[in-house]
Amino acid sequence: MQKTDPRYGAYVKILREELVPAMGCTEPVAIACACAKARDLLGTLPDRAVLRVSGNIIKNVKSVVVPNTGGGRGIPTAVAIGFVVGNAQRKLQVISAVTEEQREEMARLLESCPVEVIPAEGPEVFDILVEAYGGGHCARVRITGYHTNIVLAELDGKVLESKAAETEGPAEDTDLLTVEGILDFADTADLKDVTETLDRQIAYNTAIRDQGLTGEWGAAVGCTLLRCYGNEDVAVRARAAAAAGSDARMGGCELPVIINSGSGNQGMTASLPVIEYARELGCDDEARYRALLVSNLLTVHLKSGIGRLSAYCGAVSAGCAAGAAIAYLHGGGFEEVAHTLVNSLAIVSGIVCDGAKPSCAAKIASAVDAGIVGWQMYQGGRQFYAGEGIVRKGVEETIRTVSRVGRDGMADTDREILRIMTEKV
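Owing to the predicted nature of the structure, the values given are computational and were not obtained by experimental measurement.

**Q** Lay out the environment of A139 with the relevant residues and their values.
**A** Mapped onto the elements of the fold, A139 is located in strand β5 (residues 137–144). Assessed through its relative accessible area of 0%, A139 is described here as buried. Apart from the residues within four sequence positions on either side, A139 is in contact with A38, L41, L42, V130, E131, A132, E154 and L155.

Structure representation (structure tokens):
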């Protein structure tokens, strides 16, 4: 692919805008970001707050540990750290620098500031509206579409910032992504255009993987895999690496990760298995970078038709993309990558998302396993065929049908999952 090709610049831009750092699960962080902005407008800590949030926000904040809060979970915790830290300029790292005094202030705020949570009634899948009251004033901040997309900032009814709601995410031109185009780009890209982005992903995500492998986080899925199956098989290590990163992140580890498509779990799943296989194969930096281009861009491609949040587990897209990149590391081209994707998508596209929590690590392990099995099937001359379930002829058609299932078919599933999660246990 020549640099003059419009796709080249678009692909580089997608990588730079999607592969960004975030500390903590990105939905609580988005709430914290909105609250930080509201506190800036008020100029003081609020004495009460009202949040109107879409169902997927409730689902993804309910059970995950928010870093730098002493193990706190849920929307009130995300609200408190956002108000107290109060620096919206950090965006997805808004909770990354918290002092002991601020932790104590958060605890006091949780006791003194009632937080009312109301399900949003609009059609937006990703929607956060914060109303903060304090010092005789009311500040309103709304984030819609994706995690840092502030579309409204208002004080006492006066609109200070406003823009049209965007629904897709920071990166544009995702419609230019195709499997064939991604492979062309990965084969020919000038690595100087992407090295900084990929080096940061490697450094951040392997660091949190190492934390997860201590066994002190979440359900210790990564460590369980190594304990049960040993560490001799690279396929086991690849699954364990991605799961361990999620163990740490879902458990509140205070290390940032590089996200993909708005999700840290997806960013780790797309990268850590590929890094593990590259090490096993003795690949040089260039081969590893080019395989990471494949996995990251395929993850964005698979997710873009589904949307940022749904009842469809995003780890599936990233795990299948990682399997395709592993095929690429072994010298595979379009045929090998396409068959790996179709095979793996046929295996695990039914995994549901029931919010961010420790079991995400196990789902990640399953998704990575499917990606590897999809590749191994192709190696053995086996495949799933068009007409078998949701599989269609051609990889792009299969991706479109999976997108339909995740975006449209699982909409009612998403609502039922939320009802179950909000019932009293």
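What follows picks up the thread again.
**Q** I'd love a proper account of the nonpolar core, names of residues and values included.
**A** Membership of the largest hydrophobic core comes to 127 residues, with the highest contact counts inside it found for I31, F83, I128, F185, L293, L298 and L341. Not counting the four nearest positions on each side in its chain, F83 is found in contact with C35, A38, R39, L45, P46, A49, L109, V130 and A132.

**Q** Requested: an account of the packing of aromatic side chains, with residues and values cited.
**A** Working definition: an aromatic ring pair is given by the centre-to-centre distance plus the angle between the planes. According to the stated counting rule, one finds three aromatic pairs in the structure shown. Judged by centre distance (5.4 Å) and plane angle (75°), the rings of Y11 and F185 are edge-to-face. Here Y11 is found in helix α1 (residues 6–18), whereas its partner F185 is found in helix α6 (residues 179–188), with 174 residues between them in sequence. Each member of the pair Y11 and F185 is classed as buried.

**Q** Before we move on, could you go through the pairing of strand β6 (residues 150–155) and cite the residues and values that matter?
**A** Of all six residues in β6, five are buried; the element is thus mostly enclosed. Alignment of β5 against β6, held across five bridges, turns out to be antiparallel. The partner of A139 across the bridge, within β6, is L155. With antiparallel pairing between neighbouring strands as the criterion, β5 and β6 make up a hairpin whose turn holds five residues, including G145 at a positive phi of roughly 95°. By the bridge criterion, four bridges tie β6 to strand β7 (residues 158–162) in an arrangement that is antiparallel. Paired with L152 across the two strands is S162, which belongs to β7. The loop that links β6 with its antiparallel partner β7 comprises two residues; one of these, D156, has a positive phi angle of about 50°.

**Q** Pulling in residues and values, what's your account of the packing of helix α10 (residues 264–281) against helix α11 (residues 285–304)?
**A** For the pair α10 and α11, the least separation of the axes is 9 Å and the interaxial angle reads 150°. By the angle between their directions, the pair α10 and α11 is classed as roughly antiparallel. Both α10 and α11 take part in a crossing whose hand is right-handed. For the pair α10 and α11, contact is made by Q266, A270, S271, V274, I275 and A278 and by R288, A291, L292, S295, N296, T299 and K303, respectively. For the contact of α10 with α11, the class distribution of residues is six nonpolar, five polar and two charged.

**Q** Now, about the packing of helix α7 (residues 195–212) against α11: what can you tell me, with residues and values included?
**A** Where α7 meets α11, the axes come as close as 11 Å, and the angle between the chain directions of the two elements is 85°. Relative to α11, the element α7 is oriented roughly perpendicular. Contacts from T195, L198, D199, Q201 and I202 in α7 reach R288, Y289, L292, L293 and N296 in α11. Partitioned by chemical class, the residues of the contact of α7 with α11 number five nonpolar, three polar and two charged.

**Q** How would you explain the sheet that holds β5 if you had to name every residue and give the values?
**A** Read across the sheet, six strands follow the order β3-β2-β4-β5-β6-β7 without closing on themselves; strand pairing throughout is mixed. Each edge of the open sheet is held by one strand with a lone partner, namely β3 (115–119) and β7. With direction set aside, neighbouring strand axes in the sheet form an average angle of 15°. The pairing of strand β4 (residues 127–134) with β5 spans eight bridges and is classified as antiparallel. In the sheet register, I128 faces β5, and the bridge partner there is I143.

**Q** For the pattern of salt bridges, give the residues involved together with the corresponding values.
**A** Evaluated as defined, the whole model comprises 28 salt bridges. A salt bridge links E124 to R142; the shortest N-O distance between them is 3.5 Å. You can see E124 sitting in the loop between β3 and β4 and its partner R142 sitting in strand β5, a full 18 residues away along the chain. The partly exposed category is assigned to E124, whose relative accessible area is 28%.

What counts as what
Residues numbered from 1 in each chain as written. Predicted model: local features only at pLDDT ≥ 70, side-chain atom pairs only at ≥ 80, totals over all residues. Heavy atoms only, no water. Helix = DSSP H or I, 4+ residues; strand = E, 2+ residues; numbered from the N terminus. Buried < 20%, exposed > 50% of the residue type's maximum accessible area, 1.4 Å probe, protein only. Contact = heavy atoms within 4.5 Å. Core = buried A, V, L, I, M, F, W, Y, C linked by side-chain atoms within 4.5 Å. Phe/Tyr/Trp six-rings, centres within 6.5 Å; stacked < 30°, edge-to-face > 60°. Pairing = 2+ DSSP bridges. Axes fitted to C-alpha atoms, helices over the stretch in contact; angles between N-to-C directions. Parallel < 35°, antiparallel > 145°, perpendicular 65-115°, else oblique. Left-handed = near helix turned anticlockwise from the far one by under 90°. Nonpolar A, V, L, I, M, F, W, Y, C, P; charged D, E, K, R; others polar. Salt bridge = Lys/Arg side-chain N within 4 Å of Asp/Glu carboxyl O.

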